[in-house]
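# Secondary and tertiary structure notes
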Amino acid sequence: MSEVLFGQSYYLRFDPKEWATMMPYPPLGTLYAASYLRAQGYDVALFDSMLAESEDEWTAALDAHRPRFAVIYEDSFNYLSKMCLTRMREAAFRMIPAAKARGCYVIISGSDATDHQEKYFAAGADAIVLGEGEKTLAELLDCLTGRQEGDPAAVVGVSTPAAPSHTKRDFIRALDDLPFPAWDLVDIAKYKAIWHEHHGYYSMNLVTTRGCPFHCNWCAKPIYGQRYNVRSPESVAAEVRWLKDNFAPDHIWFADDIFGLKPNWIPKFADEIERLDAQIPFKCLLRVDLIKEGVPEALKRAGCDIVWVGAESGAQKVLDAMDKGTKVEQIYAAARNLHWVGIRIGFFLQFGYPGEVRADIDKTLQMVRDCNPDDIGISVSYPLPGTRFYDRVQAQLGAKRNWVNSQDLDMMFQGAYVPEFYRTLYSVVHHEFRMRKARDRAVPALRRPWTLRPTHARALAAIPRHWVGLQVRRAQLNRLERVKRPDDPVIPLMPVSG
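Scope of this entry: the structure provided in the associated data block. (Residues numbered from 1 in each chain as written. Predicted model: local features only at pLDDT ≥ 70, side-chain atom pairs only at ≥ 80, totals over all residues. Heavy atoms only, no water.)

Within the protein one finds 18 helices and 14 strands. At 23 Å, the protein has a C-alpha radius of gyration in line with the 23 Å of a compact globule built from 498 residues. Buried residues in the protein amount to 58% of all 498 residues. Residue pairs in contact within the protein that sit at least 24 positions apart in sequence constitute 75% of those at least 6 positions apart. (Helix = DSSP H or I, 4+ residues; strand = E, 2+ residues; numbered from the N terminus. Rg over C-alpha atoms; globule rule 2.2 N^0.38 Å. Buried < 20%, exposed > 50% of the residue type's maximum accessible area, 1.4 Å probe, protein only. Contact = heavy atoms within 4.5 Å.)

This part covers the packing of helix H14 (residues 328-340) against helix H15 (residues 358-371). Two numbers describe how H14 lies on H15: the axes approach to 10 Å, and their chain directions differ by 20 degrees. On the basis of the axis angle, H14 is roughly parallel to H15. The chirality of how H14 crosses H15 is right-handed. Facing Ile331, Tyr332, Ala335 and His339 of H14, the residues of H15 in contact are Gln366, Met367, Asp370 and Cys371. Broken down by class, the residue content of the contact of H14 with H15 amounts to 5 nonpolar, 2 polar and 1 charged. (Axes fitted to C-alpha atoms, helices over the stretch in contact; angles between N-to-C directions. Parallel < 35°, antiparallel > 145°, perpendicular 65-115°, else oblique. Left-handed = near helix turned anticlockwise from the far one by under 90°. Nonpolar A, V, L, I, M, F, W, Y, C, P; charged D, E, K, R; others polar.)

Pairs can form between side chains of opposite charge once their charged atoms are near each other. Per the stated rule, a full pass over the model turns up 35 salt bridges. A salt bridge links aspartate 142 to arginine 147, with the nearest nitrogen and oxygen atoms 4.0 Å apart. Given the relative accessible area of 17%, aspartate 142 is considered buried. With a relative accessible area of 44%, arginine 147 lands in the partly exposed category. Notably, a salt bridge pairs aspartate 245 with arginine 241, separated by 2.6 Å at the nearest N-O pair. With a gap of 4 residues between them, aspartate 245 and arginine 241 both fall in helix H10 (residues 233-247), about one helical turn apart. (Salt bridge = Lys/Arg side-chain N within 4 Å of Asp/Glu carboxyl O.)

So, about the sheet that holds strand S14 (residues 375-380). Sheet architecture is open: 6 strands sit in the order S7-S10-S11-S12-S13-S14, paired in parallel fashion. Strands at the two margins of the open sheet, each flanked by one partner only, are strand S7 (203-206) and S14. This sheet shows a mean twist of 20 degrees between the axes of neighbouring strands, independent of strand direction. With 4 bridges connecting them, strand S11 (residues 282-285) and strand S12 (residues 304-312) associate as parallel partners. Paired with lysine 283 across the bridge in S12 is isoleucine 306. In the packing of helix H17 (residues 419-447) onto the sheet, contacts are made with strand S13 (344-351) and S14, and the angle to S14 comes to roughly 175 degrees. (Pairing = 2+ DSSP bridges.)

Take helix H18 (residues 454-481) next. The end-to-end C-alpha distance of H18 is 40 Å, a good match for the 40 Å that 28 residues give at a rise of 1.5 Å each. Structurally, H18 contributes buried residues whose contacts are with H15 and H17. (Expected span 1.5 Å × (residues − 1).)

With that out of the way, let us pick up the sheet that holds strand S2 (residues 44-46). Strands sit in the order S2-S1-S3-S4-S5-S6 across an open sheet of 6 strands; the sheet is mixed. The sheet is open, and its two borders are formed by S2 and strand S6 (158-159), each paired with just one other strand. Sheet analysis places strand S3 (residues 69-73) next to strand S4 (residues 105-109), joined by 5 bridges and oriented parallel. Residue pairing in the sheet places alanine 70 in a bridge with valine 106 of S4. Sheet strands touched by helix H3 (residues 56-65): strand S1 (4-7), S2 and S3. Its angle to S1, the strand with the most contacts, is close to 165 degrees. Helix H8 (residues 134-145) rests against S1, S3, S4, strand S5 (127-129) and S6 of the sheet, and its axis sits at about 165 degrees to S3.

Residues Phe6, Trp58, Leu299 and Phe347 are the most contacted members of the largest nonpolar core, which totals 168 residues. Residues in contact with phenylalanine 347, not counting those within four places in the same chain, are Trp308, Val309, Ala311, Ile331, Ala335, Met367, Cys371, Pro373, Asp375, Ile376 and Gly377. (Core = buried A, V, L, I, M, F, W, Y, C linked by side-chain atoms within 4.5 Å.)

This next bit is on the packing of aromatic side chains. Evaluated as defined, the whole model comprises 28 aromatic pairs. Lying across the ring of tyrosine 42, arginine 147 places its NZ or CZ 3.8 Å from the centre. (Phe/Tyr/Trp six-rings, centres within 6.5 Å; stacked < 30°, edge-to-face > 60°. Lys NZ or Arg CZ within 6 Å of the ring centre and 35° of its normal.)

Along the polypeptide, threonine 114 turns up in helix H6 (residues 111-115). For threonine 114, the side chain forms a polar contact with the main-chain oxygen of glycine 110, separated by 2.8 Å. (Polar contact = N/O pair within 3.5 Å; in protein donor to acceptor, adjacent residues only side chain to side chain.)

The next thing to look at is the environment of leucine 51. Topologically, leucine 51 is positioned in the loop between S2 and H3. Through-space distance from the C-alpha of leucine 51 to that of threonine 86 is 18 Å; in sequence the pair is 35 residues apart. Discounting residues that sit within four places of it in the chain, leucine 51 has contacts with Pro24, Lys190, Tyr191 and Ile194.

With that out of the way, let us pick up a nonpolar patch on the surface. A cluster of nonpolar residues, Leu446, Leu452 and Leu460, forms a patch on the protein surface that exposes about 230 Å² of accessible area. Mapped onto the secondary structure, leucine 446 falls in helix H17. You can call leucine 446 partly exposed: its relative accessible area is 44%. (Patch = residues over 30% accessible without salt bridge, like charges linked within 9 Å, V, L, I, M, F, W, Y side chains within 5 Å. Areas by Shrake-Rupley, 256 points an atom, 1.4 Å probe, with all protein chains shown as cover.)

Here we take up helix H11 (residues 265-275). Given 3.6 residues per helical turn, the α-helix brings residues three or four places apart onto the same face. Every buried residue of H11 is accounted for by Trp265, Ile266, Phe269, Ala270, Glu272 and Ile273. End-on, the buried residues of H11 take up no more than an arc of 165 degrees, which puts them together on one face. Those residues of H11 that are buried lie in contact with strand S9 (228-230), H10, strand S10 (251-254), S11 and helix H12 (295-302). Aspartate 277 sits one or two positions beyond H11 and adopts a positive phi of about 50 degrees. (Arc of directions from axis to C-beta.)

So, about the packing of H17 against H18. Following both chains from N to C, one finds H17 and H18 inclined at 155 degrees, their axes separated by 7 Å at the closest point. It follows from the interaxial angle that H17 and H18 lie roughly antiparallel. As H17 packs across H18, the resulting crossing turns out to be left-handed. Per-class residue counts for the contact of H17 with H18 are 16 nonpolar, 7 polar and 8 charged.

What follows is the structure, encoded as structure tokens:
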């Protein structure tokens with residue numbers, strides 16, 4: 001029996017694209033909250049929905065632990081949780097009444113509950129924790145358990161059906177003081193077996209920061225707003241060493257919105273990693289304008305394998321309209337400088353932003369050809385509450401305001417082209433990219449036949465398959481470009497802020 005049962009409503013099983021990719025990470029934000037409460041003396045348990053088959057396993061966990069408090073605490077470090085997929089919201093709306101039926105006081109924390117409090121209260125939630133949750137959750141439980149006197153609804157950062165609120169408490173600035181996530185609550189062996197079966201290595205997640213200070217006008221920040229707090233390089237390196245000693249991961253994903261923003265943080269981190277002999281290959285997310293002189297070399301010393309960047313578009317007018325604050329030439333320079341030191345680069349690309357036309361899309365495709373990133377991730381512009389982008393297109397939104405799952409790719413506002421154009425564009429970009437990557441693997445080996453391996457044969461076989469797919473889908477794309485909806489006013493570019 002545990003006093004507090006933590007869970008979250010993101011189920012990998014309910015997201016076909018991510019299930020096929022099969023790169024699961026435990027809910028790190030939930031693990032932080034669990035470790036913080038445990039440090040305050042609470043007995044905690046975890047229901048890890050990431051690898052669960054259905055909400056029935058949540059019900060079984062409730063019956064097994066018989067908690068007084070059920071806390072559905074979404075992982076704010078997982079961008080898929082931030083997207084508020086409707087299938088996961090439906091899961092939460094099944095989990096809440098299951099806990100209520102067993103006499104639990106139900107507490108919710110997460111982006112979707114912050115934006116849509118009334119929906120979660122209607123489902124039966126007793127309280128919603130707004131913003132950064134650890135201290136607020138602990139104070140709320142202290143009031144509910146009688147550890148301290150006071151009205152639970154009066155706790156700063158708490159909203160209840162009787163006293164709805166949008167006030168968040170001040171953020172934790174001394175992140176080094178937080179205990180490490182409660183990894184002992186996770187079935188590490190299960191994760192490790194899945195990763196080895198599907199990828200041949202095991203990856204764990206870790207964060208060095210909270211928040212992002214930049215102003216991309218399509219990026220929602222319901223938890224941290226514009227605040228940005230960072231751990232010391234010494235603390236992060238010590239955690240990497242601790243993970244290495246206790247779990248022996250082959251790889252680390254730094255799940256920060258922005259890694260190493262503060263001046264000289266990355267070189268200091270590299271120094272600490274080398275001092276502790278803690279190198280583990282890792283991936284992280286950086287802005288292209290932060291990949292300055294000396295940064296690629298420091299990343300290499302620290303063990304970086306791949307840097308993902310929000311390239312978004314190869315058209316400067318689109319980047320400016322997004323308030324991205326970066327230049328196309330900086331994207332080219334980042335790819336060049338990272339490749340020079342042997343670090344791979346991944347591009348996140350976004351299509352369909354208001355004002356983007358086919359000529360802008362072609363610039364993005366050319367940028368991918370020129371920069372030759374090692375991987376790509378593609379999305380279409382996604383209106384999330386609380387953003388200037390959402391406010392701009394809100395009048396065009398219908399009943400559907402969230403994707404069902406991460407492969408939905410529905411244009412929920414009136415873009416320059418019909419929604420099927422963007423789904424076809426997704427296929428075009430992937431066919432061309434995969435064909436080029438297969439060629440890059442196979443052709444050098446053909447010039448040196450004694451180096452040929454089965455992987456080269458598979459790459460050779462993939463080239464004609466992707467070529468045919470590219471021709472078919474490109475022809476479809478050209479036809480769809482000419483399809484116009486009768487009520488389709490094209491939205492002009494958003495003026496640049498400031």
